[in-house]
Amino acid sequence: MNVLFEEDGAFKTGTIVADNDTSLQVDTVSGKRIKLKAAQVLLRFAEPAPAELLARAETLMAEIDTEFLWEVAPEGEFGFAEMAAEYFGHAPSPSEAAAVLLRLHSAPIHFHRKGKGRFRRAPPEILQAALAGLEKKRQQALAIERMVEELKAGQLPAEFKPLLAELLYKPDRNKPETKALEAACAATHESAERLLFRCGAIDDTHDYHLGRFLFEHFRAGTGFPSFEPPVAAADLPCAQIAAFSIDDAHTTEIDDAFSVEMKPDGGMKVGIHIAAPGLGFGPDSDLGKIARQRLSTVYMPGKKITMLPEGVIDAHTLAAGQIVPALSLYLDVAPDLRILAHETRIEHVPVAANLRHHDIEPLFNRDTLAAGSVPDFPFRDALIRLWELATVLEVGRGQTSQQNRKDYNFRIDWEAETAYGKGQVTIEERPRGSPLDMLVAELMIVANSTWGALLRDAKLPGMYRAQTAGKARMTTVAAPHEGLGVDCYAWSTSPLRRFADLANQWQLIALLRGDKPPFPPKSAELMAALRDFELTYASYAEFQRQMEHYWCLRWLLQEEVSEITAQVLKENIVRCETLPLILKATGMPTLERGARVRLAVADVDLLAATAQARFLAVLAAADAEENDANDVEEGAG
């Protein structure tokens, strides 16, 4: 006697060796002897042979119509043998019974299992829903197959267009479009962005890299929601000074300006004037919430995304010809450049001029200062005295200027069309630590450390930048900044473009006016804002570095550069001497840090933002530059 039984979800057959009523010993078709419980047996049969039963049953099953089987099935629970008798109209043979069993088992949508060999037909409404779902999956599979073929052929499926950002930057693997993209990438051995680029989904490599950042940080767009306009600062005294700012040519958020009044004894009164948007709106206002959400202006070559709306910036920026509300720090400076006293005022400040680096630095630099031959220009004498004060302040902090470091200005002509997309880039090298840089930095350090101490002494929290043991961090409690050589350092001088400075300005305004501070001691709200600011500010800075890297690669292609000189940073990592570009070079010998090398550059890939650099030769030694990303932060920020 033979048996049909189910084991591990599969139907098997065998020959009974021993029958002990409740259990059986069976030799399976594969030759293995097993022990079965009697309840596991679905069918006992004498013929055909065990090896033939399932083969015959599968042949018969192919002829059984599932829909018809469902139609004739009884309402209640039934066994497969009963169903076989009903279907065939006679006592079924073992092969016929097994065929019905296999068909019932293969149609779980139509027949629900209720036990060993027992089933119940699915209710009509459940069956229709299941069939609809099955059809949907079938259609989806066909659509995926079609989309894969289109992608492989370099055509962008119509379904992809509204999902491009998601597919590029954060694909949902449950969506058929993502499944199609992954399948096409596997077939073509291309990355998703490379394949989509080939299909025309990416028009411009710059927009692709910018789009990733916008998708992460500005999913709803860079526009501003509606807001209540700031309140005009009224009843403020107007300072009797002529303030001037020092910025690069493209700065529109002019946060800081200076004034100098000479005294008969050779001393002077130096004013550090900071734009005061904090007088026009508070943390709980519409604009305050916008600033809290954005946390900082985003900078990149050729573009920026401001923290505050343009109209608000225009009303508070220290632009020439305007009289604007400001938070002013006045320094009483002795003839020997010692700071004797300081005073903070809330006032209107008339701005006489916006001095620009590209205009002033050819006239006012280390060479002309050393030779005592600075040509005449507006505010020349004031700048000379401020530079002399800055040199004293720098020494007082225990610092020395680093004159061999470089900055780079990126200018993008968006009107120009190139083979690599919109925009032609100009990269201009600018020595870091020029006299203009130094005097601005030192005066900003004075303001940030003085106002930080003012909040500290009033036992008010603020957003402080601290550095100990070489590690910089943000904190709401005053702490030393060893890199700058000050007891505390509260970012306060860029309230138009950084939330930390704006929050500190709100605290200072409340302190000076005797009002309740918006952020009391141990403020959970301020602590949360500080954490968000630190993470967001670092993310924005990293994005700026990435975009500068991208435009350096564009410049290499634009200028058809095939060789560059560079300095070794570590092992095979080098920094270009005339660009803010760091690359890995192949074939590098073991060289000391700062060694100069010549490299061949090839295979610049703007989509991946990479370039291949190959070692060619060691060059003559030069003064090594120390311009690492983790350099001590400057005070002018």
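Look above for the structure.
Before going into details, it helps to say that this report is about the structure given with it. (Residues numbered from 1 in each chain as written. Predicted model: local features only at pLDDT ≥ 70, side-chain atom pairs only at ≥ 80, totals over all residues. Heavy atoms only, no water.)

Some points on the overall build of the protein chain
Threshold: A run of H or I in DSSP becomes a helix once it reaches four residues, and a run of E becomes a strand once it reaches two; helices and strands are each numbered from the N terminus. Our radius of gyration looks at C-alpha atoms and nothing else; its globule reference is 2.2 Å times the residue count to the power 0.38. Here the term buried applies to any residue with accessible area under 20% of the maximum for its type, exposed to any over 50%, and partly exposed to those in between, with areas from a 1.4 Å probe on protein chains only. Residue contacts are counted whenever heavy atoms from the two residues lie within 4.5 Å of one another. Note on areas: Shrake-Rupley with a 1.4 Å probe; residue coverage comes only from the protein chains shown. We count Lys and Arg on the positive side and Asp and Glu on the negative side, and we leave His and both chain ends out. Charge placement uses NZ in Lys and CZ in Arg. For Asp and Glu, CG and CD serve respectively.
Across its full length, the protein chain holds 17 helices and 24 strands. The C-alpha atoms of the protein chain give 38 Å as radius of gyration, which overshoots the globular expectation for 637 residues (26 Å, by more than 25%). With the C-alpha coordinates of the protein chain rotated into their principal frame, the extents come out at 125 × 65 × 45 Å. Classification of the 637 residues of the protein chain by burial places 48% in the buried group. At a minimum sequence separation of 6, the contacts of the protein chain that also span at least 24 residues come to 64%. In the form shown here, the protein chain has an accessible surface area of approximately 30,600 Å², with 51% of it arising from carbon and sulfur atoms. Computing the positive centroid from 68 side-chain charges and the negative centroid from 91, the protein chain places the two 5 Å apart.

Here's the deal with the environment of Leu-156
Tracing the chain through its elements places Leu-156 in the loop between α5 (124-152) and α6 (164-169). Taking the C-alpha atoms as reference points, Leu-156 and Ala-201, separated by 45 residues in sequence, lie 6.9 Å from one another. Setting aside residues up to four positions removed in sequence, Leu-156 forms contacts with Lys-161, Leu-164, Leu-196, Cys-199 and Ala-201.

Description of the pairing of strand β17 (residues 421-431)
Keep this limit in mind: Strands are treated as partners if at least two bridges between them are detected by DSSP.
Note: strand β16 (residues 406-418) against β17, 10 bridges, orientation antiparallel. Paired with Asn-409 across the bridge in β17 is Glu-428. Between β16 and β17, which pair antiparallel one after the other, the connecting turn spans two residues.

Points about the state of the cysteines
Selection rule: Cysteine sulfurs are considered disulfide-paired once they come within 2.5 Å of each other.
Overall, the coordinates contain zero disulfides when judged by the stated rule. With no disulfide of its own, Cys-199 has Cys-185 as its nearest cysteine by sulfur position, at a separation of 9.2 Å. Among the residues examined, Cys-199 registers a relative accessible area of 10% and is labelled buried. Lacking any disulfide linkage, Cys-552 is separated from the closest cysteine sulfur, that of Cys-576, by 7.4 Å. For Cys-552, a relative accessible area of 0% gives the class buried.

Remarks on the sheet that holds strand β8 (residues 118-121)
Going by this rule: Under this scheme, a helix contributes an axis fitted over its contacting stretch, all axes are lines through C-alpha atoms, and angles between N-to-C directions fall in the 0 to 180 degree range.
The three strands lie next to each other as β6-β8-β7, forming an open sheet whose pairing is antiparallel. Of all the strands in the sheet, the pair left with one neighbour each is β6 (78-79) and β7 (111-115). Looking at chain direction, β7 and β8 are connected through four bridges and run antiparallel. Opposite Phe-111, over in β8, you have Arg-121 as the bridge partner. The strands touched by helix α4 (residues 94-105) within the sheet are β6, β7 and β8, with β8 carrying the most contacts at an inclination of about 55°.

Brief notes about the packing of aromatic side chains
What counts here: Whether two aromatic rings pair depends on their centres lying within 6.5 Å, for rings of Phe, Tyr and Trp, where Trp uses its six-membered ring; planes under 30 degrees apart make the pair stacked, over 60 edge-to-face, and the rest tilted. By definition, being over a ring means that NZ of Lys or CZ of Arg is both within 6 Å of the ring centre and within 35 degrees of the ring normal.
Using the criterion set out here, one finds 18 aromatic pairs in the structure. Here Phe-213 and Tyr-540 contribute two aromatic rings whose centre-to-centre distance is 5.6 Å and whose plane-to-plane angle is 70°, an arrangement assigned as edge-to-face. A residue pair is termed long-range when its members are at least 10 positions apart, and Phe-213 in helix α9 (residues 205-217) and Tyr-540 in helix α17 (residues 524-558) qualify at 327 residues. Within the aromatic cluster, the residues linked to one another by ring pairs are Phe-213, Phe-218, Tyr-540 and Phe-543. Its guanidinium or amino end placed over the ring of Phe-215, Arg-219 lies 3.8 Å from that ring's centre, counting from NZ or CZ. Over the face of the ring belonging to Tyr-330 we find Arg-345, whose NZ or CZ atom lies 4.5 Å from the ring centre.

Description of the pattern of salt bridges
Side-chain pairs of opposite charge can arise where the charged atoms are in close proximity. As a reminder, the rule being used: Whenever Lys or Arg places a side-chain nitrogen within 4 Å of a carboxyl oxygen from Asp or Glu, that contact is recorded as a salt bridge.
Counted according to the given criterion, the structure contains 33 salt bridges. One salt bridge connects Glu-6 with Arg-113, and the closest N-O pair in it is separated by 2.9 Å. Taken together, the residues span a long stretch of sequence, with Glu-6 in strand β1 (residues 2-7) and Arg-113 in strand β7 at a distance of 107 residues. Of the residues examined, Glu-6 reaches a relative accessible area of 7% and is grouped as buried.

Description of the side chain of Glu-6
Here is the rule: We define a polar contact as two N or O atoms separated by no more than 3.5 Å, with the added condition that, inside protein, one atom must be a possible hydrogen donor and the other a possible acceptor, whereas residues neighbouring each other in sequence contribute only through side-chain atom pairs.
In terms of polar contacts, Glu-6 uses its side chain to reach the side chain of Arg-113, at 2.9 Å. The residues contacting Glu-6, other than those within four sequence positions of it, are Phe-11, Gln-40, Leu-42, His-105, Arg-113 and Lys-116.

A few points about the side chain of Thr-475
Inspection of the secondary structure puts Thr-475 in strand β19 (residues 471-475). Given the relative accessible area of 15%, Thr-475 is considered buried. In terms of polar contacts, Thr-475 uses its side chain to reach the backbone amide nitrogen of Val-477, at 3.1 Å. Setting aside residues no more than four positions away along its own chain, Thr-475 makes contact with Gly-462, Met-463, Tyr-464, Ala-466 and Leu-530.

Points about the nonpolar core
Here is the rule we go by: By nonpolar core is meant a set of buried Ala, Val, Leu, Ile, Met, Phe, Trp, Tyr and Cys residues that side-chain atoms within 4.5 Å join together.
Counting 47 residues, the largest nonpolar core has Phe-244, Phe-258, Ile-272, Phe-364, Leu-383, Leu-439 and Leu-443 as the members making the most contacts within it. Counting only elements with at least two residues in this core, the list comes to β9 (243-247), β11 (268-275), β14 (323-333), β15 (339-356), α14 (380-396), α15 (435-457) and α16 (499-513). Ranked by residue count, the leading element in this core is α15, at 11 residues. Other than its neighbours up to four places away in sequence, Leu-443 contacts Phe-258, Val-270, Ile-272, Leu-386, Leu-389 and Leu-393.

Side note on the environment of Asp-21
Here Asp-21 shows up in the loop between β2 (10-19) and β3 (23-28). C-alpha separation for the pair Asp-21 and Ala-38, spaced 17 residues apart in sequence, amounts to 6.9 Å.

With respect to helix α7 (residues 176-188)
An α-helix turns once per 3.6 residues; consequently, residues spaced three or four apart project the same way. Here is the rule: Here the expected length of a helix is defined as 1.5 Å per residue gap, with one fewer gap than residues.
The end-to-end C-alpha distance of α7 is 18 Å, a good match for the 18 Å that 13 residues give at a rise of 1.5 Å each. Inspection of α7 places Pro-176, Glu-177, Thr-178, Ala-180, Leu-181, Ala-184 and Cys-185 among the buried residues, and these make up the whole buried set. As for α7, its buried residues are in contact with α5, α6 and α8 (192-198). Just downstream of α7, His-189 is the residue with a positive phi angle, here 60°.

Regarding the pairing of strand β23 (residues 596-605)
Side chains on a regular strand alternate between the two faces of the sheet. Relative to β23, strand β20 (residues 563-570) runs antiparallel, the two being bridged by five bridges. Its bridge partner being in β23, Ile-564 is matched across the sheet by Leu-599. Here β23 folds back onto strand β24 (residues 610-618), and the loop between the two strands holds four residues, one of which, Ala-609, carries a positive phi near 55°.

Topic: the sheet that holds strand β4 (residues 33-37)
Across the sheet, five strands lie side by side as β4-β3-β2-β1-β5; this open sheet has antiparallel pairing. Every other strand in the sheet has two partners, leaving β4 and β5 (41-45) as the edge strands with one partner each. Here the strands of the sheet are splayed against their neighbours by 40° on average, with no regard to which way each runs. Examined bridge by bridge, β2 and β3 share five bridges and lie antiparallel to one another. Residue pairing across strands places Thr-15 opposite Asp-27, the latter belonging to β3. Sheet contacts for helix α1 (residues 50-61): β1, β2 and β5; angle to β2, the most-contacted strand, approximately 150°.

Points about α15
Look at α15: 33 Å from first C-alpha to last across 23 residues, which is about the 33 Å you get at 1.5 Å a residue. Residue Lys-459 follows α15 closely and has a positive phi angle near 60°.

All we've got here are geometric facts, nothing functional implied.
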